[in-house]
Structure formats: C-alpha cells, structure tokens
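If you want the building blocks of each chain, they are given just below.
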Amino acid sequence: MTQREEITYFGAGPALLPTPVLQTAAQALVNYNGTGLGLAEHSHRSKIAEDVLNTAKADLATYLDIPDNYEVLFMQGGGSGEFSATVYNMVGIWVEKRKQKILKELGIAEGKDISEDVIATELRKAVEEELKIDYLVTGSWSLKASQEAARLLGPEYVNIATDSRKINDGKFGKIPEEKSWNLSKNPAMVYYCDNETVDGVEFPGFPEVLKSNGQDEEPIVVADMSSNILSRRIPVKNFSLIFFGAQKNLGCTGVTVVIIKKSLLPPTIATPSPSLMRKLGLPIGPIVLSYETIAKNNSLYNTLSIFDVYIAGQVLKSLLKTFSDKVDGQQAIAEKKANLIYAALDAHSNVYKVVSDKSARSRMNICFRVTKSQDVAESEKQFIAGAEKIGLTGLKGHRSVGGIRASNYNSISLEGAEKLAAFINSFAESK
Ligand SMILES: Cc1ncc(COP(=O)(O)O)c(C=O)c1O
C-alpha cells in the first residue's frame, strides 16, 4: 500500500490538500466539536454552520486583504457555473444601469413607478446597439467562458478582444500586447482568466489598460482565478468580481468563491425584473446563480456544503499560521518553487520544451514537452514512468493538449518541487 508521505501529487485539480487539514476534517466529519454529529450532518441553518462560514469569509479577507467594500460569496456549480453566472449577472447590471440612464434622460424621477413598456423600447435599442461583453481569450478556460457567453446571449454580443492563438501559430502560450486588444466602449464586463490551467499561461500582473483612469466610467473587470488564487497578492480593488473553484488552492471540490464589489449589489443596484429581461430578449439566470440572491442570504439561499467550507477554512487557517505576512509569504515560496522547476527545464532545452512563452509562464501549471527522442509520446511516457517510480505523480498533461504538466499549487512543498527539479535534471542526463 502506498502511503501519503511517499507521494508528491502534481495533478491539476482536484489537488493535494495538506495532510493535517484532512486529519482535522476527518474528525469533524465524524463528530464535530463533541456535538455527537458530523459537520456534514449539521443543518446549514445552525449557528455552527454560520460560524464556519463567517470564519472562512473573514480569514479569506484577512489573507488576501480584501477591502471592506467587497462581499465574499460561497456558491455551487464550479468554475463552469461561474462562466454562466458572470454573464447573467453582469448583463443584468448593465441593463439596470442603462435603464437608470434612460429614465434620467426622460426626466423620470428615481423610484417613480412607471410602466416597463415605456422604457423597454428605448432599452431594446440600447441593447441591440451597445451591449457587448469582452473576452480576453488566452487559453482553454477563457475560450470556454466566451463560448458559454455566446451560447447564452448570442455571438453578436460577445467581443473577443484578443485571442492569443492569432499571434502564436494557432496555439495558446502567449498573451498579446495590450495595445493590440480591441476593447469595447463600456462593455458589460471585460473577462479574463488570470491563470490558464491547461495551457500554463498566467498574466504577469493586472493589465494596465484595464486600470481605472479616474475619469471615464470604471471598467467592469471580471477574472477567473480558479488555479492561482491564494498564491500571489492581487489588487482586489481593480476588479469588479473575482471567482474561483476551491479545488486547487483553497480546498476540495464542492464550493466556488466569488469576491464581488458591493456596489454591484443592492442597495446600490438591483437585478432588473424577469419580465423586463424577457421583453429585451435577454436570458434570465437560475436563481442559484444570482449574486444578489446569494449575497442577501449570506451564501445560504439553499443547502451549502458546510463541510467543504470548513476544509477551505482550515486551509486558510493553516496559511495564516504559516505566513505572518499572509499571501506575500506564500507568493515568495510559489515563485521559488516555479523558478526551480523552470530552471531545470531551461538547463536542458534540448530535452524539454516549455509550452508557454517566457513572458507568460504560469507559476502554477508548468507545461512542457519532452523531446529527448524524436518519438515525443514515447519520451513523455518514459518521463512519467520514471517520475512515478520515485513518487512524483499526476504529471500527465491535459487530455486536450498532451505533454507534461506539473501543477505547482500551494500544497506542493518546497522539497516536492526540489525533487521534481532533480528528476528533470537526472532524466535529461540519463542515457
Ligand atoms: C481556470 C479554470 N477555470 C474554470 C475551471 C472549471 O472549473 P469546474 O470544473 O469547477 O467547473 C477550471 C477547471 O480546472 C479551471 O482550471
């Protein structure tokens, strides 16, 4: 039987969880805090559940320095659910803002009850002429998100502001220069994926062109951070919304976190009525994907897996205990580990080809090909087999692209990364 300690698992998600967290969680699953019931059995409406939820929210806010004008939501449906949720919600917010503008132009006082039909005609014109959502397509996940938007809304509303494949021989691996991006004027959102898990492409930082210039309307920037959250400091205030599935750096599969600016929620802004959206021919999302509904109910609109939130909370507690400088401490280690692995690959450039360009290399998902012999598939098979023999597992690339992918999430120890770097060296040098 293989023991946990013998393995360093580089899988892309679900990912490795710290053993002490799992041990604590195992106990909580059987009997939580001496209550005679496990945490997965306690009501999500209980005080116990509320405490677990609120503690996890507070610890996340502390670790990432989330400003007070943001709300943290725990949702379900994974990253893919958020591909849809961001569209439904951000389009709704765009419509509501546009409605307010039209009312003002018509000289109708705020809060005055008027028939929806009066503004529906004007709004329909605005939707047809102006509604756009922008996507920066830099890898497989942002591509999928943009495809979901086109499916829900119709492709005429989706603007692919950039597509990396156009500058990289039809493949992902680079991020086009910002000045080449074809951004819309006041789109419902600009969406991007901060770290592309399949393709090993990460934005080096927040795009300059998406920063508020303090004059025009603030850009609505939405980011998928499913595979790099908690691994580096992020300028939260530049984003309208950040989302991430828990199953890579935060916890286990089952909960998705949304960090949303409060000004996109009531009382500042309310979702337009379903009847108005129907009149405009725009989709109405499922209630469980409504940020307004989830926020109003402190993430407990329906039954949430409190056990999954608990695991996330334990991971956050352990990060806060380990790093007195919070996410900065973890960031330094993440960079150190990634640099070690990339250095080993670069030192043998005749044997390994890193998939992404140096300017956009992911610290979290290190994707490369093994070209030791002309038969790349055979070389990669040998690489994986050799690695597994010494307990380095989960290195196979995503089925859509092949190759090798070492996912360097927070739970990979420095020793684990060193072991992989040493194996990369020894495999290259072996006969
Ligand atoms: C960056 C990113 N976004 C979204 C997803 C989809 O997440 P889920 O499987 O939770 O729907 C993934 C999954 O790996 C991902 O890596």
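Residues numbered from 1 in each chain as written. Predicted model: local features only at pLDDT ≥ 70, side-chain atom pairs only at ≥ 80, totals over all residues. Heavy atoms only, no water.

Caption draft 1: How the structure looks around the packing of helix H3 (residues 78–105) against helix H5 (residues 140–153). Contact geometry of H3 with H5 gives a least axis separation of 9 Å together with a crossing angle of 50°. One element, H3, and the other, H5, form an angle in the oblique class. Where H3 crosses over H5, the two elements pack in a sense that is right-handed. Of the residues in H5, those in contact with Phe83, Ser84, Val87, Tyr88 and Val91 of H3 are Trp141, Lys144, Ala145, Glu148, Ala149, Leu152 and Leu153. For the contact of H3 with H5, the residue count by class is nine nonpolar, one polar and two charged. (Axes fitted to C-alpha atoms, helices over the stretch in contact; angles between N-to-C directions. Helix = DSSP H or I, 4+ residues; strand = E, 2+ residues; numbered from the N terminus. Parallel < 35°, antiparallel > 145°, perpendicular 65-115°, else oblique. Left-handed = near helix turned anticlockwise from the far one by under 90°. Contact = heavy atoms within 4.5 Å. Nonpolar A, V, L, I, M, F, W, Y, C, P; charged D, E, K, R; others polar.)

Caption draft 2: Representation of the nonpolar core in the model. If you look at the biggest cluster of nonpolar residues, it comprises 56 residues, and the most contacted ones within it are Leu60, Leu64, Phe74, Tyr192, Leu230, Ile242 and Ile259. Those elements that provide at least two residues to this core are helix H1 (19–30), helix H2 (47–64), strand S2 (70–75), strand S5 (190–193), strand S8 (221–224), strand S9 (241–245), strand S10 (256–261) and helix H8 (306–322). Here this core gets nine residues from one element, more than from any other, and that element is H8. Here Tyr192 is in contact with Leu136, Phe203, Phe206, Pro207, Leu210, Val221, Val222, Ala223, Asp224 and Phe239, once residues within four sequence places are set aside. Core analysis: the second largest hydrophobic core is formed by 50 residues, Phe83, Val87, Ile119 and Val137 among them. (Core = buried A, V, L, I, M, F, W, Y, C linked by side-chain atoms within 4.5 Å. Buried < 20%, exposed > 50% of the residue type's maximum accessible area, 1.4 Å probe, protein only.)

Caption draft 3: View of the site of the ligand. Not every one of the 13 residues close to the ligand is listed here, only the nearest: Ser80, Thr197, Asp224, Gln247 and Lys248. Within the backbone of Gly79, one N or O atom sits 3.0 Å away from an oxygen atom of the ligand. Here an oxygen atom of the ligand and a side-chain polar atom of Thr197 are 2.5 Å apart. Contact with the protein chains hides 83% of the accessible area of the ligand, taken as 390 Å² for the molecule alone. The dominant element in the shell around the ligand, judged by the number of residues it contributes, is H3, at four residues. A class-by-class count of the residues in the shell around the ligand yields three nonpolar, eight polar and two charged. (Near = heavy atom within 4 Å. Polar contact = N/O pair within 3.5 Å; in protein donor to acceptor, adjacent residues only side chain to side chain. Areas by Shrake-Rupley, 256 points an atom, 1.4 Å probe, with all protein chains shown as cover.)

Caption draft 4: Representation of the UniProt feature "domain: Aminotransferase class V" (unreviewed entry) in the protein in the model. Look at the UniProt record and you will see "domain: Aminotransferase class V" (unreviewed entry) annotated at residues 9–105 and 118–416. The annotated region residues 9–105 carries 60% helix and 7% strand content, and the separation between its end C-alpha atoms amounts to 59 Å. (UniProt positions renumbered as here; feature names shortened; annotations may be inferred.)

Caption draft 5: Layout of the side chain of Ser240. One can find Ser240 in the loop between S8 and S9. Here Ser240 falls in the buried class, since its relative accessible area comes to 3%. Setting aside chain neighbours within four positions, we find Ser240 in contact with Tyr70, Pro219, Ile220, Val221, Ile259, Ile260, Lys261 and Leu264.

Caption draft 6: Structural detail: the domain arrangement of the protein. Along its sequence, the protein is carved into domain 1 (59–308) and domain 2 (327–429). Taken over C-alpha atoms, the centre of domain 1 sits 33 Å from the centre of domain 2. The interface of domain 1 with domain 2 comprises 24 residues on the first partner and 22 residues on the second. At the boundary of domain 1 with domain 2, the tally comes to two salt bridges. Put simply, domain 1 and domain 2 have 13 residue pairs in polar contact (both at pLDDT 80 or more) between them. Breaking the side of domain 1 that touches domain 2 down by element, the ones donating at least two residues are H2, strand S6 (195–196) and strand S7 (201–202). Of the residues assigned to the side of domain 1 that touches domain 2, the class counts are nine nonpolar, eight polar and seven charged. (Domains from an automatic or database assignment. Salt bridge = Lys/Arg side-chain N within 4 Å of Asp/Glu carboxyl O.)

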